[in-house]
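Chain and residue survey
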Amino acid sequence: MEQSCQTTAETLNDIIAWRPALASLLTAFSPLLTQAETLTAELLEDPLVAAINLPQCEPSRLQLGASLLSHYTMPDVSGALAYARTKLWPQLQAIPALTDSLEPYYSYLGQVTLEDQHKLLDAVLLNDGTLLSDLATSKNLDAGILHFLATFLYSSLLKAVVLKNYGPANLEKEWPWETNNIWQQGYCPVCGSLPTIAWLDKAVIDERNTYLLGGGGRKHLHCGLCGANWRFLRLACPVCGIAESKQIEILTCDEDSHGESLHWCAKCNSYLPTVDLRERIAIPNLDAQAFGMLHLELIAKEKQLKPLHLSFWNSFS
Ligand SMILES: [Zn+2]
Ligand SMILES: [Zn+2]
């Protein structure tokens, strides 16, 4: 039987109940994350999104490790970006660190040229705000804030476009790049980003599937940027690859873990939040779940480990 996912708010509320120490931070960002979730649902119905046809999944290209957007030029989406900006603005302005500095970005993001859109998208996909230094300087904006805003706007849009083109959203169904385990990489088969969280599915016995190890759930990686999921070998590091790394260590907290841990690689010291869904009744929203594991990320920081993917909550220190 299919099980529906929790919303962002439901996921964060569960985590706050388990770990009240995270309440103030999670509550501060909950409205923004919830609004981004609503925005994606709205954009799914948008004719502009429906008109964006992403590349078909070609097994031969995927087998070579070419993510789908790596040879794709995004059309003009200035209208969708402007709409996304309008929808998210009240929640962005409510974040104390941004309140006083956001105004100049509103007009810029309301009418982004196609050339600038491509620069913004490149910086978002490569998760590198420094790529926006020249652009930001020419507009008298801060590259870090611009990158943060562009990531939120593009993420809402990409999630809608990816669902429209490749669906489904349901964690229990297969995405096209999962058929016959075509995609073997640690980065996203759609946008090329590194994953923000891994999840172990509720156990399904399939003796032909080499991804099932020791009777446990299969490991999947989740892209926080475009929302894609893909299967990955449980004992491999998404950065070092399958052949070179068999050194995945697990960091968890002493109290009831609710299936949460960090998997980290003893070779490159990068860690990835991981949730074992066999230990959960409800399926969490994975983006909210990744954000809600800060207590483990703080321990990882003390151990001088580094996040596999820099997100807004673990990139400032
Ligand atoms: Zn992606
Ligand atoms: Zn590694």
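Values in this document were obtained by computation on a predicted structure and should not be read as measured data.

Here's the deal with the domain arrangement of the chain
- Domain annotation for the chain reports domain 1 (22–166) and domain 2 (176–307).
- Here domain 1 and domain 2 have C-alpha centroids that lie 24 Å from each other.
- Across the contact, 23 residues belong to domain 1 and 22 residues belong to domain 2.
- Contact between domain 1 and domain 2 buries roughly 1,900 Å² in total, counting both sides, with carbon and sulfur atoms accounting for 73%.
- Looking at the side of domain 1 facing domain 2, the largest losses of area belong to Leu-22, Leu-62 and Lys-159, adding up to 24% of the total buried there.
- Viewed at the interface, domain 2 and domain 1 are joined by one salt bridge.

Some words on empty space enclosed by the protein
- Scanning all chains against the criterion turns up two cavities of 30 Å³ or more.
- Here the largest cavity is characterised by a volume of approximately 70 Å³.
- The set of elements that each furnish at least two residues to the lining of the largest cavity consists of strand 5 (260–265) and strand 6 (270–276).
- Of the residues assigned to the lining of the largest cavity, the class counts are nine nonpolar, two polar and one charged.
- Roughly 50 Å³ of internal volume is contained in the second largest cavity.
- The wall of the second largest cavity is formed by Pro-195, Thr-196, Tyr-271, Leu-272, Pro-273, Glu-297, Pro-307, Leu-308, His-309, Ser-311, Trp-313 and Asn-314.

Calculation rules
- Residues numbered from 1 in each chain as written.
- Chains lettered and ligands numbered in written order.
- Predicted model: local features only at pLDDT ≥ 70, side-chain atom pairs only at ≥ 80, totals over all residues.
- Heavy atoms only, no water.
- Domains from an automatic or database assignment.
- Contact = heavy atoms within 4.5 Å.
- Buried area = accessible area lost by both parts, 1.4 Å probe.
- Salt bridge = Lys/Arg side-chain N within 4 Å of Asp/Glu carboxyl O.
- 1 Å grid on protein atoms, 1.4 Å probe; cavity = no way out; pocket = protein on both sides within 12 Å on 5 of 7 lines; lining within 4 Å.
- Points joined across faces, edges and corners; volume = space filled by probe spheres on them.
- Helix = DSSP H or I, 4+ residues; strand = E, 2+ residues; numbered from the N terminus.
- Nonpolar A, V, L, I, M, F, W, Y, C, P; charged D, E, K, R; others polar.

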